[in-house]
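# Fold and contact review
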Amino acid sequence: MEERSVVLVDGTIGVGKSTFGRELALRFEGSFLDGDAYKTKGKPWYCSSLQTCRALLRASTYELKTKPFVFIARPVRCLDWLYFRTHFEQNGVTLYLIGLQATFENLTNKNRGRSFSQSECLRMVEMIKEGYGARSFSDFHMRTDQRNIEETSARLEAHLKSMTKV
């Protein structure tokens with residue numbers, strides 16, 4: 001059986017976790033899971049993080065029955081990473097963590113065509129300070145604000161292929 005892998009795509013709000021997670025899923029013929037779709041509604045993230053991790057674990061396990069790769073877009077805290085690493089490794093699944101990074105100025109640049117609320121902007125600044133996208137336990141980091149989507153996707157793909165048995 002070929003390698004089964006889960007790739008966590010970490011970073012701040014607006015850095016491109018979903019965009020690049022979807023693109024990589026296409027390139028690797030895998031599945032994409034948006035962590036936001038698995039949040040517990042009506043609860044802040046810090047009150048439902050374990051429930052979200054459990055839901056993503058179940059969904060990933062299901063997807064791995066038919067796909068060799070699952071890409072999950074979600075800001076990753078150390079406890080999340082430890083939870084996923086422990087559970088996936090117990091089931092013979094290799095876990096990778098990609099950290100996506102960009103400056104606050106580039107994330108909020110009006111030319112990007114995306115706007116953020118004041119609370120999202122405050123959370124972005126907080127997340128950058130807390131190291132989202134720059135985790136020491138990441139397998140690699142990539143800037144998403146220095147090249148276009150196609151070039152960044154190609155670099156992500158090449159880097160991930162060099163690490164996996166694809």
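Everything that follows concerns the structure shown earlier in this document.
Everything numeric here is computed off the predicted structure, so don't read it as measured data.

### Some remarks on the nonpolar core
Side chains of a nonpolar character, in soluble globular proteins, are inclined to be buried together. In this structure, Val 7, Phe 71, Ile 98, Leu 100, Leu 156 and Leu 160 are the most contacted members of the largest nonpolar core, which totals 21 residues. Every element with two or more residues in this core is listed here: strand S1 (5-10), helix H1 (17-27), strand S3 (69-73), strand S4 (94-101), helix H5 (118-130), strand S5 (140-143) and helix H6 (149-163). Apart from residues no more than four positions distant in its own chain, Leu 156 is found in contact with Phe 20, Leu 24, Ile 98, Leu 100, Phe 140 and Met 142. Listed in part, the 19 residues of the second largest apolar core include Cys 53, Val 70, Phe 88 and Leu 95.

### Topic: the packing of H1 against H6
Angle between the axes and distance between the axes are the two parameters that describe a pair of packed helices. For the pair H1 and H6, the least separation of the axes is 10 Å and the interaxial angle reads 60 degrees. Between H1 and H6, the angle is such that the two are oblique. Helix-helix and strand crossings are classified by hand; for H1 and H6 the assignment is right-handed. In contact with Thr 19, Phe 20, Glu 23, Leu 24 and Arg 27 of H1, H6 contributes Ile 149, Glu 150, Thr 152, Ser 153, Ala 154, Leu 156 and Glu 157. Broken down by class, the residue content of the contact of H1 with H6 amounts to five nonpolar, three polar and four charged.

About the criteria used
Residues numbered from 1 in each chain as written. Predicted model: local features only at pLDDT ≥ 70, side-chain atom pairs only at ≥ 80, totals over all residues. Heavy atoms only, no water. Core = buried A, V, L, I, M, F, W, Y, C linked by side-chain atoms within 4.5 Å. Buried < 20%, exposed > 50% of the residue type's maximum accessible area, 1.4 Å probe, protein only. Helix = DSSP H or I, 4+ residues; strand = E, 2+ residues; numbered from the N terminus. Contact = heavy atoms within 4.5 Å. Axes fitted to C-alpha atoms, helices over the stretch in contact; angles between N-to-C directions. Parallel < 35°, antiparallel > 145°, perpendicular 65-115°, else oblique. Left-handed = near helix turned anticlockwise from the far one by under 90°. Nonpolar A, V, L, I, M, F, W, Y, C, P; charged D, E, K, R; others polar.

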